[in-house]
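# Observations on the model geometry
Residues per chain are reported as follows:
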Amino acid sequence: MLRKGITGSFGAAIHGLNTPQLTDGVINRSKRMMLDTLGVGLIGSRTDVFNKALTYSKLFRSDERSSVWGQTDLSLPPHYAAFVNGIAVHSMDFDDTWHPATHPSGAVLPALLALAETLPRQPSGLDLLLAFNVGIEVQGRLMRFSREAYDIPERFHPPSVVGVMGSAAASAKLLDLSPAQCAHALAIAASSAGAPLANAATQTKPLHIGNAARRGLEAAQLARMGVEGNPDILEINCGFGVYYKDYNPSAMAESSSTDFRWVLEDQDVAFKRIPAHLGMHWVVDAALAARANLTNTVGNFDLSHIRKVTLRVPPSKYVNCAFPATEHQARHSFQFNASSALLDNQVTVSSFSRAHVDRPALKALLSKVQVETPQDNPPSFDKMYCVVELETEQGHSHVARCDTFYGHWRKPLSQEDLVEKFSVNASSVLCTEGVEGVIDVIGNIERARDCSILNSYLRMTGSEEQLYSRRSM
C-alpha cells in the first residue's frame, strides 16, 4: 500500500505522467539535451578513463546485452553499458549543466537506452522521451528542496546525488512500475547516492555519472522484483536529506493536476562550447575579450609584454588550480583556461591534451596569474561573473567582463550551433551516415515508432582516419 507522503507523491507522479503532458517547449528542450549528450558521449568514448572502465566492464557477462556507444560490435550487460556510456558522457566535462547545479542528462539517457534494448517490446520514441523527462523532472524537484543546491557545490558532486534518483525514476517509468514500486526505486537508489567533491578534477569524477546511470537502473529493476526501501526516504533528514544542510522537501503535484508544470519548462539548461567545468566558460569569454582589447590597442599579443593577469571569479576551491598537472585538473582551473584563451585565442578539445598542458609558454603565463574573489561574486551559475584584467609592462591595463556566456540558459546556443557541436563530436567516432542518422532520429524522436534505430546509428563507426581526427570547435 503506497503511503501518501512526499515519497509517495513522487512515486505516484512517476507512474502517472503520460505523453500528452509533454509540452512543445519541454519536447524541444529535451531533444536538444539528448542530442548534445550523445555527441559528448561519442567523443568521450575515446578517452583514457572510458577505455579503462570498458576493459573492467568486459569482465562481466549476462544473457541480456546492450550497446556501447561508438563500438560497432561490442555489447555489455545492460548495467555496465549504462555505466560506461555514462562515464563517456562526463569524461571530458563536456555535458549539459542545469540550475540548481547538476549535469542532468548523463545519468538518465545511458540508463534508458541500455534498458530499452532488453525490453520484449521496443519503446517508441515518445516513450523514451517521456521517461527521459521524468528522470530530468525528478532531479529538478529534488534540487529545489535546498538553497544550498543553487550554488556551486562544496561537499557532494550533484549528479551523484540527484542523478541516480533521476536514473531510477526514468527506468521505473520505462518499466511501467506501479506507484509503490516507483517510490521504492527511489528509496533503493538513495542508498547509492552521494560522491565526495574531492574526486573532482580526477579520473574518478566521470565515474560518478556512470555509477548514477547504472545504480539507478538497478534500483528500478530491484523494485520491480519486490525489493522495498524506506517509504519516507524523501521526507526525513536521515534519508535523502543527509546530502543537504538546509533540506526542506515538499510533495510533488499530482500528474493530472492543473498545478503540475515541468521544471524544464521554466529552467533551460546550459550547453558547453568547451570541454571543461561550466565556470570556465565565463573566464574564457572574458579572457578572449581582454585579449582582443589589448591587440586592438598594440597590434599583437606578445606574452613578454604581460606583467600580470588578474582573474576576479567566485570563490570555489575545486576550480582554483594554479598549475594543473593533468587534463582533468586543467578542466577545473580558472587559471589554465584563462591562460589558454590568452595564449591561443581559443580553447578547444585539444587544449587539454598533454602536449598543450605542458607547454613552457603556458606555464610562463600561469606564473603571472592572480585570482581575486570579490564579495559581490557569488558561487552560483545563475549569478556569477568573471573579470579578466591584463596589466602590461608599460603600465597599461586591459579589462573585460563576462556576465553571461554564449551557451548559458540566458543566452542559449542556437539550434544550428548545437547541431554543429554534435556533428563535430560525433564525426570523430561515427561515419557520416551514423552522424546524420542520429540527428534525424533525435530531431523526430516523438514520431519514431521504435527507438532501437537510435542504437544502430550509434554503432556506425567511421574509418581510422575519421576516428583519430580532431576538428576545432
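Structural notes, computed from the coordinates.

About the cut-offs
- Residues numbered from 1 in each chain as written.
- Predicted model: local features only at pLDDT ≥ 70, side-chain atom pairs only at ≥ 80, totals over all residues.
- Heavy atoms only, no water.
- Buried < 20%, exposed > 50% of the residue type's maximum accessible area, 1.4 Å probe, protein only.
- Helix = DSSP H or I, 4+ residues; strand = E, 2+ residues; numbered from the N terminus.
- Pairing = 2+ DSSP bridges.
- Patch = residues over 30% accessible without salt bridge, like charges linked within 9 Å, V, L, I, M, F, W, Y side chains within 5 Å.
- Areas by Shrake-Rupley, 256 points an atom, 1.4 Å probe, with all protein chains shown as cover.
- Salt bridge = Lys/Arg side-chain N within 4 Å of Asp/Glu carboxyl O.
- Contact = heavy atoms within 4.5 Å.
- Core = buried A, V, L, I, M, F, W, Y, C linked by side-chain atoms within 4.5 Å.

## Focus: the pairing of strand β6 (residues 397–402)
Only one face of β6 is covered, namely the face carrying His398, Ala400 and Cys402; the face carrying Ser397, Val399 and Arg401 is uncovered. Pairing of strand β5 (residues 386–392) with β6, which is carried by six bridges, proceeds in the antiparallel orientation. Across the sheet, valine 387 pairs through a bridge with arginine 401, a residue of β6. Where β5 folds back onto β6 in an antiparallel hairpin, the turn is made up of four residues, including glycine 395, whose phi is positive at roughly 90°.

## As for a nonpolar patch on the surface
Residues Leu222, Met225 and Val227 make up a contiguous nonpolar surface patch of about 280 Å² in total accessible area. Its relative accessible area of 35% is what places valine 227 among the partly exposed residues.

## Remarks on the side chain of aspartate 268
Summarising the element assignment, aspartate 268 is placed in the loop between α10 (263–266) and α11 (279–298). Residue aspartate 268 is classed as buried on the basis of its relative accessible area, which comes to 10%. Among residues more than four places away in sequence, those in contact with aspartate 268 are Arg29, Trp98, Trp409 and Pro412.

## Things to note about the pattern of salt bridges
Summed over all chains, the structure comprises 24 salt bridges. With a shortest N-O distance of 2.6 Å, aspartate 93 and lysine 205 are connected by a salt bridge. Here lysine 205 lies in helix α9 (residues 205–224) and aspartate 93 lies in the loop between α4 (78–90) and α5 (109–116), a separation of 112 residues in the sequence. By the burial criterion, aspartate 93 is buried, and lysine 205 matches it. In this structure, a network of salt bridges that share partners links the residues Lys31, Glu446 and Arg447.

## Considerations on the nonpolar core
Residues Phe10, Leu38, Leu142, Met165, Leu234, Phe240 and Val438 are the most contacted members of the largest nonpolar core, which totals 109 residues. In terms of residue count, the dominant contributor to this core is helix α6 (residues 125–143) (ten residues). Contacts of valine 438, omitting those with residues within four sequence positions, involve Leu35, Leu38, Phe422, Leu430, Leu454, Tyr457 and Leu458. Grouped together as the second largest cluster of nonpolar side chains are 47 residues, Leu278, Val284, Leu303 and Leu343 included.

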